[in-house]
Amino acid sequence: RSSDLYSGGDGNAGPIVVTAGGALSMLRGARINASSYGAGRGGAVTVGADAMLIDGQQCECGTGISSEANGDGAGGAVRVAARTLTLQNFGAISA
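Not measured: the values here are computed from a predicted model. (Residues numbered from 1 in each chain as written. Predicted model: local features only at pLDDT ≥ 70, side-chain atom pairs only at ≥ 80, totals over all residues. Heavy atoms only, no water.)

Visitor: Can you walk me through the state of the cysteines in this structure?
Guide: Disulfide: a covalent bond connecting the sulfur atoms of a pair of cysteines. All told, the structure shown has one disulfide when counted by the stated rule. Between Cys 59 and Cys 61 runs a disulfide, and the two sulfur atoms are separated by 2.3 Å. On the sign convention where negative is left-handed, the bridge of Cys 59 and Cys 61, at about -80° about the S-S bond, is left-handed. (Disulfide = S-S within 2.5 Å.)

Written out as structure tokens, the structure reads:
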């Protein structure tokens, strides 16, 4: 499943905080995303887990964690904390 928070007008995208006590696996198009598409700024994204896997296998739609500005605003900060982090098959973290 995806968690997307978008702003398409003048407002800012809000923050997203995800904390997993064990493992967090993002597979086949799973996204955590706080982006803006207008004058607003992208929101801050914070993700934490003991172990994290971001695997884009079998998905051309994008799998990962991001905050972007696709208009006039600035992208938000992306913070990721994990003891082990595995990015594979075009899984991505971007800001």
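Picking up after the structure, the text goes on.
Visitor: What is the right way to look at the environment of Ala 95 in this model?
Guide: Take Ala 95: it is sitting in the segment after strand E8 (92-94). Residue class for Ala 95 comes out exposed when judged on its relative accessible area of 72%. Along the primary structure Ala 95 and Leu 27 are separated by 68 residues, whereas in three dimensions their C-alpha atoms are 19 Å apart. When residues no more than four places from it in sequence are discounted, the contact partners of Ala 95 are Ser 67, Gly 76 and Val 78. (Helix = DSSP H or I, 4+ residues; strand = E, 2+ residues; numbered from the N terminus. Buried < 20%, exposed > 50% of the residue type's maximum accessible area, 1.4 Å probe, protein only. Contact = heavy atoms within 4.5 Å.)

Visitor: What's the story with the nonpolar core in this structure? I'm lost.
Guide: Taken as a class, soluble globular proteins show a tendency for nonpolar side chains to be buried jointly. The biggest cluster of nonpolar side chains holds 14 residues, and the ones touching the most others in it are Leu 24, Met 26, Ile 32, Val 45, Val 47, Met 52 and Ile 65. Listing elements by their share of this core, those giving two or more residues are strand E3 (23-27), strand E4 (31-36) and strand E5 (45-55). The residues touching Val 45, leaving out its near neighbours within four places in the chain, are Ile 16, Ile 32, Ala 34, Ile 65, Ser 66, Ser 67, Ala 77, Val 78 and Arg 79. (Core = buried A, V, L, I, M, F, W, Y, C linked by side-chain atoms within 4.5 Å.)

Visitor: Any chance you could explain the side chain of Asp 55 here in plain terms?
Guide: In this fold, Asp 55 is placed in strand E5. Arg 28 is the oppositely charged side chain nearest to the buried, salt-bridge-free Asp 55, at an N-O distance of 7.6 Å. Engagement of the side chain of Asp 55 in a polar contact is seen with the side chain of Asn 89, the distance being 2.9 Å. Look past the residues within four positions of Asp 55 in its chain and what remains in contact with it is Met 26, Leu 27, Arg 28, Thr 63, Gln 88 and Asn 89. (Lys, Arg positive; Asp, Glu negative; His and termini not counted. Salt bridge = Lys/Arg side-chain N within 4 Å of Asp/Glu carboxyl O. Polar contact = N/O pair within 3.5 Å; in protein donor to acceptor, adjacent residues only side chain to side chain.)

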